[in-house]
Structure formats: C-alpha cells, structure tokens
Amino acid sequence: VGLIDDGPGRAGPRSLRRLADRLFRVVVDAQARDWTAERPDPVGFALLGRATVEVRRAAGRYGRASPLRGGRAVLLAAVTWIAVTASILLLVDDPAAPLPLAAAIVCGMLGGQVVISADAGLSRARALREAAGPAPIDDPAVRGELIRRIEAAAAAARADPDERHRLAAEDLERAAGWVAAGFAGGGP
Amino acid sequence: MVRRALHAELNAVRTLVADALTALDGKVDEPLLVVVDGARDRLREADRHLVAAAGGISPWAAFCLYAPAVFAAAAATAAGSRAIGLPAAWVIVTVVVATLLVLVALVALTGRIGARVNSRRLARAPGPAPGPGRARSVIDDGRLTAVPEPLSRARVRLVSAALRQVSPGDWRSPYLRHLAAGDRVIRQISIADVLLCQALDTLDAALDEESRWD
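First, a word on what this report is: a plain description of the structure on this page.

### Comments concerning the interface of chain A and chain B
Between chain A and chain B, the residue contacts involve 43 residues of the former and 44 residues of the latter. Considering only the surface of chain A that becomes buried against chain B, W35(A), R50(A) and M109(A) emerge as the three largest contributors, covering 19% of it. Taken together, the connections running from chain A to chain B amount to 4 salt bridges. Of the charged contacts in the structure, one is a salt bridge between R155(B) and D34(A), with a shortest N-O distance of 2.6 Å. Across the chain A-chain B interface, the total number found is 13 residue pairs in polar contact (both at pLDDT 80 or more). Listed by contribution, the elements that provide at least two residues to the side of chain A that touches chain B are α1 (13-35), α2 (42-62), α3 (71-91) and α4 (98-129) of chain A. At 16 residues, the largest contribution of residues to the side of chain A that touches chain B is made by α4(A). When its residues are assigned to classes, the side of chain A that touches chain B shows 29 nonpolar, 6 polar and 8 charged.

### Things to note about the environment of A153(A)
Residue and element names in this part refer to chain A. With respect to the secondary-structure elements, A153 resides in helix α5 (residues 140-158). Its relative accessible area of 11% is what places A153 among the buried residues. Separated by 114 residues in sequence, A153 and R39 place their C-alpha atoms 31 Å apart.

### A few points about the pattern of salt bridges
Side-chain pairing between opposite charges can occur once the charged atoms of the two side chains come close. Tallied over the full model, the rule gives 26 salt bridges over all chains. The salt bridge partner of R212(B) is E209(B), with a shortest N-O separation of 3.9 Å. Highlighted residues: R212(B) and E209(B), both in helix α7 (residues 184-213), separated by 3 residues, approximately one helical turn. Take R212(B): its relative accessible area is 61%, and that puts it in the exposed class. Judged by its relative accessible area of 39%, E209(B) falls in the partly exposed class. Residues joined by salt bridges that share partners form a network here, namely D29(A), R33(A), E38(A), E130(A) and R177(B).

Calculation rules
Residues numbered from 1 in each chain as written. Chains lettered and ligands numbered in written order. Predicted model: local features only at pLDDT ≥ 70, side-chain atom pairs only at ≥ 80, totals over all residues. Heavy atoms only, no water. Contact = heavy atoms within 4.5 Å. Buried area = accessible area lost by both parts, 1.4 Å probe. Salt bridge = Lys/Arg side-chain N within 4 Å of Asp/Glu carboxyl O. Polar contact = N/O pair within 3.5 Å; in protein donor to acceptor, adjacent residues only side chain to side chain. Helix = DSSP H or I, 4+ residues; strand = E, 2+ residues; numbered from the N terminus. Nonpolar A, V, L, I, M, F, W, Y, C, P; charged D, E, K, R; others polar. Buried < 20%, exposed > 50% of the residue type's maximum accessible area, 1.4 Å probe, protein only.

Structure, rendered in structure tokens:
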C-alpha cells in the first residue's frame, strides 16, 4: 500500500504475490477439506496449485521477493527486541560494558522469540476455534474474481514495454486456464 | 505421532514414490512425452519436500543455538571496540551492526544444518514397501498402460501420516488448513501432496486421452 505498492493500473510483483497468496489459501483450504473427507476432491486443488505456481513465476519475472517478509509478528518481534534491549541499557550504569551489552541484546532476542511463539500460539488457537464455512473453491464469485484479476494482470503485462514482463503474460494466461479448470463446475 | 514414526512413514512414502518413478521409466511416444516428463519432475520434487518434512530445527532449538553465539559475538565486539578507544555510543552501534551480521550468517547456517539433519533422519534404509512386489512398468511400447499403482498408495499413506500428526479431535478443515499453510512438517507434506495429486491427475488425463485414440 502507498509508497511500496505497485503503480495503479499496472501488474507488478506485489499485486501478483498477493494474488498468489489468495490462490494459495484457496488451495490449502480445499486440500484440508480433502484430507478430512469433508469435500473429497484431490483434482481441484492440484489444478489450482498449478495456477499458484504460474502466478508466482509471473511475479518472479518482475523481480525478486523482498527478503523482509513475515508480516505483523516479525515486525512486532523486531520492535520488542529493540525495546527490551534499549530499556535494559538505560537501566545499567555503563551500557557500553561488554557483558551487560551482550546480555541486553540476548534478552531482547529472547523477547522477540517469545512474541513470535505467542503469535503462533494465538493463530493456532484461532484456527482451532474457527468454524468451517463454505469452501471458497465451490464459490463461483471467487472463481470469477480470481480469473478477472489474473486476466487484468495479464493484459497489463502484455502492454508492458519490458520484454521480460511481457513473458509474464503467458504465465498468467496459463494460470487463468488452471483456475478455470480447477474450480468446481469448471472444466477445460 | 512420535517423531520416529513420522520419519518411518515419510521413508515409506519415499519408497513408494521411487517405485512409481521406476514404473514410469522407459521411452514414451512423442505426444505423451510432456505428460510423463512432467509427472516424473513432480515426483522428484515431491521427494525433496518429503525430506524437508522431517522437520529440521525447531524455532526454539534454533534460538538455543543463536543465543550463545550472539552473546559471544556481541561481548567480543564490545570489548574489542572499547579497547581501541571508541566512545560508548559508537561501541553500541558497532555491536548492533556486528550482531545483525552474525545473525544473518547464523540463519544461513541453520538452514544448512536443518537440511543435513533432515537427510540424516531419513537416511535409514526404508524397508521394502508392503504389498505386491516391486513396481511393474506402466510403459509398454511407448504407451502408458496405467497409472502407477504405488503412486496412489503413496498419496493415501502421505495423507494418513499428515493426519496422524494431529490429534483426531482436531481433524477439522480450518485447523488443518492452518497447519498446511504454516506448520514446519505439515507445510512440506502439503506441498508434496499437491505434487503427487498433480502427477496422478496428469497421468489419468493422459490415459483418458489415449483411450480416445483407438
């Protein structure tokens, strides 16, 4: 969003990675439902998995993913690390002495690790409580939305002056095909 | 499921995948080549994810590895920069930079250690797969005759291994979805499962196509 997002009306690595993440969530949802035999269908998510790979490949043609990924929990862990280390250093008499400084840094690291573990525990608890709603792979609106977004990105890629980016259009065309085939009631 | 049991199951699935690869060995005619090659690639990739599913290093184990290293590096850098007479603020800046560099190196190192640990865990020779003997080739005279039977068995076995990682009371799709998206073990099993399903699906489709030629 804002400064670090893709320009309006353009395909780009960030919007494409978001699209791939969206597809990925549909894939694991359908897979989990297949595992529990709630909605046995190993073919649908296999096809959507191919679409996810194609969209990721298209995103890769625009540039590498940022090494700083991980979202909210990682950010919060980093902030905790800095806060814990800084407050210990403010309390000790000589913050530049080797042992207190090293101890403060390791305590901050521990704080960050606790935050990450707590976040993992919370999202686990949330997933345990969550009710199983309708499967997105059965939802024609999701199918339509995904195909529309992929095709818009493909159109933007096709019009791109950069030749490498134009190659992404082919990946996205294939991805749209797999999405069309993978959703329930789809078919080649 | 106990960890050792998981490793045994993963090895059993790997044997089945290897059997399926042997069954797919052989020369196929041109129109089928793409399909069979694609299926073989998927099986090889699935095998890599099955190895990764052995779990690697847990976050807290990694922390126990990092903490002493970071402590030693930070203390040494602080002592060194004080010895050359840097003012207190610069000592802290130097130490922070050194810590971050050490941490980047450690993360790369744990990745490699994790890979080593995984291949060690799955190194024990997997016993012969139960069921009817070694794989029969499914390629006859350049044509595909069937979907390799070990492949479907591998998929079933993999899913049951994944489910046994979770207590039966929690076999609900939102929780499994959460694990498939983020758990160290189940994430890799999930990727391998998608690849196996893709291989099964393409081979099925190719057989359909073939039956239409006659």
